[in-house]
Amino acid sequence: MPRKNLRSVLMVAFAAVSAIMALSLSLVLGHLATERQREDIGEAISELAGQLRDQLDRGMNQRVRDIQIIAALRQVRDPSTSKNDNRAVLDKLAQTFPNYAFIGMASPDGIVQYATHGLLEGKSVAERPWFQAGKRDLFTGDIHEAKLLAKLLSPQANGEPLRFVDVATPVFDLNGQFLGVLGAHLSWAWARGLEQNVFTPARRNQGIETFVLNRSGEIILAPPGVDPATVKLPRNLPTAEAAGEPVTWPDGNDYLTSLVLTHGEQNFAGLGWKIVVRQPTRIAFAPVRSLQLTILVVGAIGALVFALLGAWLAEAIARPMLRLAEAAERLQQGESGLEIPLENQYSESARLSASLRHLVAGLNDERSKLATLNQALEEQVHARTDMLDRANMHLLSTLEERASMVKQLEELASTDSLTGLLNRRAFWLRADMEYKRAARSGTPLSLVMFDIDHFKRINDAYGHDVGDEALRQLANVVSASLREIDLVARMGGEEFALLLPETAVEGAQLVAERLREQVAQIRVPVATGGVVSFTASFGISAWPQELGLDHALIRADQALYNAKNGGRDQVRIYEAQS
Ligand SMILES: Nc1nc2c(ncn2[C@@H]2O[C@H](COP(=O)(O)OP(=O)(O)OP(=O)(O)O)[C@@H](O)[C@H]2O)c(=O)[nH]1
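Presented here is a report on the structure given in the accompanying data block. (Residues numbered from 1 in each chain as written. Predicted model: local features only at pLDDT ≥ 70, side-chain atom pairs only at ≥ 80, totals over all residues. Heavy atoms only, no water.)

## With respect to a nonpolar patch on the surface
Working step 1: A cluster of nonpolar side chains, namely L293, V297, I301, V305, F306, L309 and W312, defines an oily patch on the protein surface of about 700 Å² accessible area.
Working step 2: With respect to the helices, strands and loops of the structure, I301 is situated in helix 8 (residues 286–332). (Patch = residues over 30% accessible without salt bridge, like charges linked within 9 Å, V, L, I, M, F, W, Y side chains within 5 Å. Areas by Shrake-Rupley, 256 points an atom, 1.4 Å probe, with all protein chains shown as cover. Salt bridge = Lys/Arg side-chain N within 4 Å of Asp/Glu carboxyl O. Helix = DSSP H or I, 4+ residues; strand = E, 2+ residues; numbered from the N terminus.)

## Description of the pattern of salt bridges
Working step 1: Tallied over the full model, the rule gives 18 salt bridges.
Working step 2: Where R87 meets E121, a salt bridge forms, and the shortest distance between an N and an O atom there is 2.6 Å. Taken together, the residues span a long stretch of sequence, with R87 in helix 3 (residues 83–96) and E121 in the loop between strand 2 (112–115) and helix 4 (129–136) at a distance of 34 residues.
Working step 3: Notably, a salt bridge pairs R192 with E195, separated by 3.3 Å at the nearest N-O pair. One end of the pair is R192 and the other is E195, both in helix 5 (residues 189–198) and three residues apart, which spans about a single turn.
Working step 4: Among the residues examined, R192 registers a relative accessible area of 11% and is labelled buried. (Buried < 20%, exposed > 50% of the residue type's maximum accessible area, 1.4 Å probe, protein only.)

## Considering helix 8
Working step 1: Along its 47 residues, helix 8 runs 65 Å from first to last C-alpha, staying within 8% of the 69 Å computed at 1.5 Å per residue.
Working step 2: Considering bend angle alone, the principal kink of helix 8 is centred on A318 and spans about 35°; proline P320 follows within four residues of it.
Working step 3: Directly after helix 8, the chain includes G334, whose backbone phi takes a positive value near 95°. (Expected span 1.5 Å × (residues − 1). Bend = angle between axes of the 7 residues up to and from the residue.)

## Description of the packing of aromatic side chains
Working step 1: For the coordinates displayed, the defined rule picks out 11 aromatic pairs.
Working step 2: Here the aromatic rings of W249 and Y255 are separated by 5.7 Å at their centres, their planes lie at 65°, and the arrangement is edge-to-face. Residues W249 and Y255 agree in their burial class; the two are buried.
Working step 3: When the ring of Y435 is compared with that of W543, the centres are 4.7 Å apart and the planes differ by 20°; the resulting orientation is stacked. One end of the pair, Y435, is in helix 10 (residues 424–441); the other, W543, is in the loop between strand 16 (536–542) and helix 14 (549–565), and 108 residues separate them in sequence. Here Y435 and W543 have matching classes, each one buried.
Working step 4: Aromatic ring contacts, followed pair by pair, group F102, W130 and F131 into a single cluster. (Phe/Tyr/Trp six-rings, centres within 6.5 Å; stacked < 30°, edge-to-face > 60°.)

## Digging into the sheet that holds strand 5 (residues 178–187)
Working step 1: Strand order across the open sheet formed by five strands is 2-1-5-4-3, with antiparallel pairing between neighbours. Of all the strands in the sheet, the pair left with one neighbour each is strand 2 and strand 3 (139–145). Averaged over all pairs of adjacent strands, the angle between their axes in this sheet comes to 25°, without regard to strand direction.
Working step 2: One ladder, built from nine bridges, connects strand 4 (residues 163–172) with strand 5; its direction is antiparallel. The partner of P170 across the bridge, within strand 5, is V181. (Pairing = 2+ DSSP bridges. Axes fitted to C-alpha atoms, helices over the stretch in contact; angles between N-to-C directions.)

## Brief notes about empty space enclosed by the protein
Working step 1: Considering all chains together, one arrives at one cavity of 30 Å³ or more under this definition.
Working step 2: Considering only enclosed or pocket space, the largest cavity measures out at about 70 Å³ in volume.
Working step 3: Its residues placed into classes, the lining of the largest cavity shows six nonpolar, two polar and two charged. (1 Å grid on protein atoms, 1.4 Å probe; cavity = no way out; pocket = protein on both sides within 12 Å on 5 of 7 lines; lining within 4 Å. Points joined across faces, edges and corners; volume = space filled by probe spheres on them. Nonpolar A, V, L, I, M, F, W, Y, C, P; charged D, E, K, R; others polar.)

## Quick look at the layout of surface pockets
Working step 1: Taken as a whole, the largest pocket encloses approximately 290 Å³ of empty space.
Working step 2: Along the wall of the largest pocket there are 16 residues; nearest its centre are L422, R430, D486, L487 and V488.
Working step 3: Among the elements of the structure, helix 9 (347–414), helix 10 and strand 12 (487–492) are those that each provide at least two residues to the lining of the largest pocket.
Working step 4: The element that contributes the greatest number of residues to the lining of the largest pocket is helix 10, accounting for three residues.
Working step 5: Partitioning the lining of the largest pocket into residue classes produces six nonpolar, four polar and six charged.

## Regarding the environment of I41
Working step 1: Within the element layout of this structure, I41 appears in helix 1 (residues 6–72).
Working step 2: Residue class for I41 comes out buried when judged on its relative accessible area of 10%.
Working step 3: Distance from I41 to A284, taken between C-alpha atoms, is 7.1 Å for residues 243 residues apart in sequence.
Working step 4: Those residues in contact with I41 that sit more than four places away from it in its chain are S46, L256, Q279 and A284. (Contact = heavy atoms within 4.5 Å.)

## Description of the packing of helix 10 against helix 14
Working step 1: Here helix 10 crosses helix 14 at 110°, and the two axes come no closer than 11 Å. Between helix 10 and helix 14, the interaxial angle falls into the category roughly perpendicular. Handedness of the helix 10/helix 14 crossing: right-handed. Residues F427, W428 and A431 of helix 10 form the contact with helix 14, whose own contacting residues are L549, D550 and L553.
Working step 2: Of the residues assigned to the contact of helix 10 with helix 14, the class counts are five nonpolar, no polar and one charged. (Parallel < 35°, antiparallel > 145°, perpendicular 65-115°, else oblique. Left-handed = near helix turned anticlockwise from the far one by under 90°.)

So this is what it looks like as structure tokens:
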């Protein structure tokens with residue numbers, strides 16, 4: 001798996017952290033702002049509803065007070081006052097408030113006595129609810145469509161039906177006797193005017209709409225141009241006063257919905273109206289969404305900036321490390337004279353470079369020590385090798401010397417020093433080997449013993465040196481006369497033995513005869529002048545396989561004895577009976 005580099009890790013980490021922060025900030029702020037916005041908007045539209053509510057209540061209270069003031073006027077209570085005078089008072093009042101559609105005084109039997117602009121005068125209003133209720137007490141009646149007045153008054157410009165709110169009060173004469181009912185019809189256009197004062201076009205552009213409901217929940221005032229009959233109210237409309245509740249209306253849209261209740265004012269007890277104000281959440285929360293989007297955009301830019309910052313930071317952190325790593329690699333590849341750079345940008349890199357420099361210095365030191373050591377070692381090995389070579393050569397020559405000495409010693413051990421012939425011990429060893437060879441090959445072997453005749457006399461007469469010379473010459477003669485495979489030994493004194501391989505007794509006899517003749521030819525010079533000659537006697541025996549050497553030699557010796565006894569200078573063969 002390829003290793004990640006520091007730059008990408010820090011870039012991603014910085015970008016991720018800032019992106020997460022931006023996202024969470026957007027979500028948290030969005031959430032907080034949404035709540036705050038909901039509250040603000042809820043309060044704002046509740047305040048608008050409250051304004052409308054207050055104006056409606058105040059307006060109604062003023063109308064009630066108007067009617068009560070008129071009913072308390074002495075002129076009106078005095079039955080002798082002319083209708084014209086009283087009508088003039090009512091007209092005057094109507095002028096102060098243009099939305100009075102009708103103010104009139106009805107007699108106890110319900111006949112209108114005088115009224116603004118003479119409307120309905122002489123007509124019976126006995127069945128009208130305001131008259132019925134007004135006979136008993138102060139009455140304020142909920143909105144209703146005009147019955148009698150509809151024909152008398154001109155229709156509204158916007159085509160809406162003429163609707164009124166009624167105010168009525170009983171009137172008592174100066175004696176306190178019931179005089180009739182003073183009633184007023186207040187055109188509902190008044191409410192529309194109030195609504196338009198509060199809900200300005202600017203607010204309408206923000207989608208803010210208001211609905212006024214009567215006590216039974218019917219819409220008595222809808223936004224301009226909206227037919228109240230077409231408006232469906234949500235089932236879950238708040239029942240108590242509420243500020244900015246999110247409510248889904250039957251048109252499928254979500255609205256922040258506020259509700260306020262009218263409560264009357266002073267003389268006006270209130271009619272239980274509700275004022276509902278709504279604003280589409282889509283519009284209400286647009287600033288919040290815009291804020292969220294702004295945070296996200298700023299966050300994204302922040303993430304980018306942080307990623308670049310991360311990359312720069314990683315570069316700044318990694319640069320000294322990379323330089324150190326590069327120097328270390330070059331050193332590893334064997335580049336000489338290279339120094340690990342000093343990286344003092346920050347304490348960690350300074351520490352690392354100092355450690356590496358120390359390490360490299362130590363290594364260089366070790367390397368030079370090792371080189372010196374190697375050279376010394378090589379020289380030592382060279383010297384040791386030379387020494388070893390010399391020792392080897394010395395050993396070799398010693399071994400060669402020793403081998404030749406051994407050979408000489410062996411020769412000395414097996415040779416008679418006077419004659420150079422085999423001595424007795426060597427003869428026995430060689431004879432044994434020949435015996436075994438003859439036994440394997442089944443060839444005959446013969447032994448010959450011979451002895452110089454009267455040798456004592458030579459020694460005695462001419463001295464020992466002459467005797468020695470006689471022995472040497474005899475040895476030379478015998479050695480020159482024999483085959484290579486034949487053995488000749490000096491057995492002691494002037495006695496000699498011959499072993500003749502592959503030779504039967506007859507052959508041995510011929511050899512012995514030849515030697516006897518040759519010995520007799522020997523002339524040993526003497527110091528006093530002249531020469532000495534001598535003879536020798538020979539005894540022959542076969543060496544049969546069943547006999548040991550000692551026995552065979554005894555037989556040959558026996559034959560020699562016989563030759564000596566027979567007169568010397570002769571050859572005798574061993575005979576069993578002798
Ligand atoms: N010069 C010399 N004399 C030796 C040597 N070894 C033995 N002798 C002598 O040889 C003589 C041998 O004498 P004997 O045993 O009596 O025999 P001989 O005189 O030869 O008599 P026969 O053998 O009976 O003919 C002695 O006098 C020894 O001293 C030797 O190496 N050199």
